[in-house]
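A closer look at the structure
So the chains spell out like this:
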Amino acid sequence: MKFKAKCKSFFVKLKNKFVNFIKQLPFKFKSKFAGAKEIITQGNGKVMSSFAVMGLGQLLYKQWAKGALFLLLQAGFILYFVLSGAADLFGLFTLGQVQGDAWYGIEGDNSVVMMLMGILAVIMIIFYAVIYTANIKDVYRTQCCADTLKPAAGFKKEVSSLLDKNFHKTALTLPVIGVCVFSILPIVFMILIAFTNYGGANIPPALVDWVGFENFGRIFSLGEFAPTFFKIFGWNLLWALLSTAINYFGGLGLALLLNKKCVKGKAIWRAFPILAYAIPGFITLLGFKFMFSYGGPINYYIQAAGGEAVGFLSVNSKWMARFIGLGVNAWISIPSTMLLATGILSNINTDLYEAARVDGASSWKQFIKITLPYVLFATTPVLITQFINNFNHFGIFYFLRDASIRSEGYFLANNTDLLINWLYRMSIDNNYYSIGAAISLVIFIITSLISLTVYVLSPSYKQEETFR
Amino acid sequence: MNKAKAKVAKAKTKKVLNVAITYCILIVVAFIFFFPCLWLILASFSKSGSIYSFDGFFPSEYGFDAFKSLFTDTVMYNYPKWFLNTLFIAVMSCLFGTLLTILTAYCMSRFRFKSRKAMMKATLLLGMFPSFMGTIAVYLIMTQFNLINQQWGLILIYSAQAPMGYMVQKGFFDTIPYSIDEAARIDGASNFTVFVKFILPLSKPMLVYTALTSFTWPWSDFILPKMLLIDKDLYTVAVGLMSLGETEFARFAAGSIFIAIPIIVLYFCLVKYMINGMAAGAVKE
């Protein structure tokens, strides 16, 4: 009941927030453009000249170095735009028009590369816009200084401010560029791919085209993909819930056990889980695969006892393979949760326990009333990340089961595959790029919805100050 | 009098039982975590190498053949080369990745600039995308830049993607009091000097934690190297070991031990920093 009320209030609040956001939008825009309006109405000829040619205003104010720098940047951008940027941007919309033909020696358009370069062009234009506004603001600032007869900051001073007041600009340039090219660009690319017919037989040199929401329709409505999608999705959700719960409470329990006063030689006991933690994941997974294989040690003992070899991870095992997956994942992940919980437990105010003991609370009560709320409070964000990581746990079944296993009733997948494994098989192994991209978009929407809801409902969000 | 004595005795047996159960569970846990490791170590000393010649968990004959062939028989599987490749890639990515992550986290923690909130939200959102969803795009980008089949390409990707995980480090920097910055700035230090001379020395645990995580990722990653490295001589250990079959089990075990040892040693030396780092990041995240 309480949960229901919470959910309801959450959605009501969400609606109110949304309405407020829409109402405030015009004001926000106004305040954003107030500065621009001021510059346009108050700016003198020199400022205007910077509007036309970046850096010209600075040059007119005799700021040679800065002006030349802006001028150079503008020249570079124009050069890029003329040489490739404009064509790339155009290509983003058409995705190529010339079909390649080896027979006639026609070099066709590579739609996929065109899309990639098109997105890159958009990012470049955004960068240029940022620099352009910086240029205008800069010259306007100089004008203000000149009007009030204050000396404007020299070039040397401004450069040295890059290590002081504007240190963040210097420091963040490289990370921002890196993230843009290697994180944002690929993600935007994949999102766009989900709306094209790229994949199957339709890969370059064939031309790729925009198809709208067709791929999503193929996943959800009846067809080759829909039954597989829902089967895998159900198991994936169950897997994420179970493995997160097992790892979390396993790790917490272990940390509490090691935290007991009667345990001597804590460092030694702790060393064993850390050993498991430190071994690279793929080694552990391949090792366990060998352990449960037909010729592996476990089957050796079964056979020695007169039984028949069991294919723990072979085609016919469903729940067996799933349970092994859960166990192996616990083996890998519990140590890290244990380390985290150890760190958090050492931060609990011991006065709380003292008071509880004076009041005669049992140790179980102490755990329920003090330890668990505190740890839950402190680890909610981590719990959400762990849930998402488990939801998208690629490695576990990729390594444990043979890549060639296909289960009946599944399209290009087997019964332990998670959505992410299916995605991999579809896009990397079988060229179904657009369907794969659509699936990953669905995964993203599901995970972000779940984690957002959990986060907003969690105590760490609502009562930020409880345990401070 | 007697009653009180009985009560004390009862409490004592309860306590002893409690301790006994605790130790029993600990022993079981230690066994569960240690046994697979022990099995791998034993397997690496197996003489014949194939998993089919084992007596259950234990090799039938012991010898150093697996280690010998690992380093001498390099025609098919050039393990020493793989190891050096992995080391090079991991060390380089660790250096650049740590630098970028720490810088990002420091700026996000200490500076209040216009696009800060937007950037934080964006990274949170981007983090929810399935991480290798973009690998196809990354692959295409690398072909465009001509960085396929080159180690620097991998280093570039690892370092460039590292700043996305700046949250833990930001949480740590948030706990360093501002008064340190202010005092230094009154003495005329620039923000850069404050960062290098005051903040960095204070954040050793976080530096260690960051370096360790950005080292282990390339050290044990397999998706990107498998995709981007084509020549067998350029393989990393993860890709190379994956190409070994069941008949080469001893060699797999021996190779695994060599790649696991550096990380294990690092973890045990730095476990204290790890716990502090994780806890600091978690509470403030």
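Residues numbered from 1 in each chain as written. Chains lettered and ligands numbered in written order. Predicted model: local features only at pLDDT ≥ 70, side-chain atom pairs only at ≥ 80, totals over all residues.

Focus on the overall build of chain A
- Check the secondary structure of chain A and you find 19 helices and 0 strands.
- Against the globule reference of 23 Å for 468 residues, chain A gives a C-alpha radius of gyration of 30 Å, more extended than a compact globule.
- Taken along the three principal axes of its C-alpha coordinates, chain A extends 95 × 80 × 45 Å.
- Expressed as a percentage of the 468 residues in chain A, the buried residues total 35%. (Helix = DSSP H or I, 4+ residues; strand = E, 2+ residues; numbered from the N terminus. Rg over C-alpha atoms; globule rule 2.2 N^0.38 Å. Buried ≥ 20, exposed ≤ 12 C-beta atoms within 10 Å, placed from the backbone.)

Observations regarding the domain arrangement of chain A
Residues and elements named next belong to chain A.
- Under the domain assignment used here, chain A contains domain 1 (6–36), domain 2 (43–212) and domain 3 (220–462).
- Here the C-alpha centre of domain 3 lies 42 Å away from the C-alpha centre of domain 2.
- With 10 residues of domain 2 in contact, the opposing surface of domain 3 contributes 9 residues.
- When grouped by side-chain class, the residues that make up the side of domain 2 that touches domain 3 number 6 nonpolar, 4 polar and no charged. (Domains from an automatic or database assignment. Contact = placed C-beta atoms within 7 Å. Nonpolar A, V, L, I, M, F, W, Y, C, P; charged D, E, K, R; others polar.)

Observations regarding the interface of chain B and chain A
- Residue-level contacts link 68 residues of chain B with 71 residues of chain A.
- Among the elements of the structure, α1 (2–44), α3 (79–110), α5 (135–144), α6 (151–161), α9 (191–202), α10 (204–220), α12 (237–242) and α13 (249–284) of chain B are those that each provide at least two residues to the side of chain B that touches chain A.
- In terms of residue count, α13(B) provides more of the side of chain B that touches chain A than any other element does, 17 residues in total.
- Class assignment of the residues belonging to the side of chain B that touches chain A gives a composition of 54 nonpolar, 12 polar and 2 charged.

Describing α5(B)
- With 7 of 10 residues buried, α5(B) lies mostly within the body of the structure.
- Within the sequence span of α5(B), burial applies to B:Thr135, B:Ile136, B:Ala137, B:Val138, B:Leu140, B:Ile141 and B:Met142.
- Where the residues of α5(B) are buried, they touch α5 (111–147), α7 (167–193), α17 (419–429) and α18 (433–457) of chain A together with α6 and α11 (223–228) of chain B.
- Phi for B:Asn146, located one or two positions after α5(B), is positive at around 60°.

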